[in-house]
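In case you want the letters, here they are:
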Amino acid sequence: MQSSQSLTLDTATGWLNGAKHLPSENHNARPNAEISLLVMHNISLPPGQFGTGMVEALFTNQLPIDAHPYFTDLEGLKVSAHFFISREGAITQFVSCKDRAWHAGISEFMHRKNCNDFSLGIELEGVDDQAYSDAQYQSLNQLVNELTKHYPLITPDRICGHSDIAPERKTDPGPAFIWQRLQAKHLGERS
Ligand SMILES: [Zn+2]
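Residues numbered from 1 in each chain as written. Predicted model: local features only at pLDDT ≥ 70, side-chain atom pairs only at ≥ 80, totals over all residues. Heavy atoms only, no water.

The next subject is the overall build of the protein chain. A count of helices and strands for the protein chain gives four helices and twelve strands. Relative to a compact globule of 191 residues, whose C-alpha radius of gyration would be 16 Å, the protein chain shows 15 Å and is just as compact. Over its C-alpha atoms, taken along the principal directions, the protein chain stretches across nearly 45 × 35 × 35 Å. Here the protein chain contributes 15 positively and 22 negatively charged side chains, and the mean placements of these two sets differ by 6 Å. (Helix = DSSP H or I, 4+ residues; strand = E, 2+ residues; numbered from the N terminus. Rg over C-alpha atoms; globule rule 2.2 N^0.38 Å. Lys, Arg positive; Asp, Glu negative; His and termini not counted. Charge placed at Lys NZ, Arg CZ, Asp CG, Glu CD.)

For helix α2 (residues 134-150), which comprises 17 residues, the first-to-last C-alpha distance of 25 Å matches the rise-based estimate of 24 Å (1.5 Å per residue) to within 8%. Burial analysis of α2 places twelve of its 17 residues in the buried class, the great majority of the element. Those residues of α2 lying buried are Ala135, Gln136, Tyr137, Ser139, Leu140, Asn141, Gln142, Leu143, Val144, Glu146, Leu147 and Thr148. (Expected span 1.5 Å × (residues − 1). Buried < 20%, exposed > 50% of the residue type's maximum accessible area, 1.4 Å probe, protein only.)

It is worth spelling out the coordination of the zinc ion at this point. Within the protein, the zinc ion binds to His41 (ND1), His162 (ND1) and Asp172 (OD); these donor distances fall in the range 2.0 to 2.1 Å. Spacing between the donor residues of the zinc ion along the chain follows H-x120-H-x9-D. With histidine 41 in strand β5 (residues 37-43) and aspartate 172 in the loop between α3 (162-165) and α4 (184-187), this residue pair connects regions lying 131 residues apart in the sequence. (Donors = N, O, S within 2.8 Å, 3.2 Å for Na, K, Ca; no water.)

To continue, consider the state of the cysteines. For the structure shown, the criterion picks out zero disulfides. We note that cysteine 115 lacks a disulfide partner, and the nearest cysteine sulfur, in cysteine 160, lies 6.6 Å from it. Exposure remark for cysteine 115: the relative accessible area of 0% places this residue in the buried category. Owing to a relative accessible area of 2%, cysteine 160 belongs among the buried residues under this scheme. (Disulfide = S-S within 2.5 Å.)

Attention shifts here to the nonpolar core. Grouped together as the largest cluster of nonpolar side chains are 27 residues, with contacts concentrated most on Ile122, Leu147 and Phe177. Contributing elements (two or more residues each) for this core: β5, β6 (83-85), β11 (119-125) and α2. Considering each element in turn, this core owes the most residues, five residues, to α2. The contacts of leucine 147, once residues within four sequence positions are left out, are Leu38, Phe83, Cys97, Leu120 and Ile122. If you look at the next biggest cluster of nonpolar residues, it comprises 17 residues, including Leu45, Leu58, Leu74 and Val95. (Core = buried A, V, L, I, M, F, W, Y, C linked by side-chain atoms within 4.5 Å. Contact = heavy atoms within 4.5 Å.)

Of the pockets and cavities examined, the largest pocket occupies roughly 550 Å³. Of all the secondary-structure elements, those providing two or more residues to the lining of the largest pocket are β5 and α1 (54-59). For the lining of the largest pocket, the element with the most residues is β5, which contributes three residues. A breakdown of the residues in the lining of the largest pocket according to their chemical character gives twelve nonpolar, nine polar and five charged. (1 Å grid on protein atoms, 1.4 Å probe; cavity = no way out; pocket = protein on both sides within 12 Å on 5 of 7 lines; lining within 4 Å. Points joined across faces, edges and corners; volume = space filled by probe spheres on them. Nonpolar A, V, L, I, M, F, W, Y, C, P; charged D, E, K, R; others polar.)

Attention now goes to the side chain of histidine 82. Positionally, histidine 82 belongs in the loop between α1 and β6. Within the local environment of histidine 82, its side chain forms a polar contact with the side chain of arginine 30, the two groups lying 3.5 Å apart. (Polar contact = N/O pair within 3.5 Å; in protein donor to acceptor, adjacent residues only side chain to side chain.)

Attention now moves to the pattern of salt bridges. For the structure on display, the rule yields five salt bridges. A salt bridge links arginine 100 to aspartate 117; the shortest N-O distance between them is 2.6 Å. In this pair, arginine 100 sits in strand β8 (residues 99-101) while aspartate 117 sits in the loop between β10 (112-113) and β11, placing the two residues 17 residues apart along the sequence. On the basis of relative accessibility, which here comes to 17%, the residue arginine 100 falls in the buried class. Two residues, glutamate 108 and lysine 113, come together in a salt bridge whose shortest N-O distance is 2.9 Å. A residue is classified by how much of its surface remains accessible, and lysine 113, at 54% relative accessible area, is exposed. (Salt bridge = Lys/Arg side-chain N within 4 Å of Asp/Glu carboxyl O.)

Below, the structure is given as structure tokens:
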């Protein structure tokens, strides 16, 4: 279990001390320095199986395509997120916050397209309809606390789900994600 004291963002590099660092090539430069949106996702590989290491493999372009039928559809896919939180609450960072991770895809927030340009992406290990773990909520709140401390443009109304910015394509983080378990000071009155 990570204590809140152990998570510290190095704003010079954009890497979080206290998290595991697993640098991904799947990123590029932001068009400008603005970071003003936080996007919540879920992922598990194969879907519904946890702790397989396959998410980490996908985000670092090392997924063994032959290991599972589902992976065939993921061949050649270049994706990433800034952060991944395992069922045990362990945080892995793949891309510096200063860089543009490839998590949102075709997306739009408040009439502004290409959310990757100005957002941070957090993946919870999971699926839409299975309760996330207490450890995940605890780590998520610690992470969001630290991020919003350094990126004040991420106001409560600018923390959203992937399904909010790509409603035709995406359903994550799904009904299993309890928005009220994000601390109120970050979340405001979202229902
Ligand atoms: Zn997503």
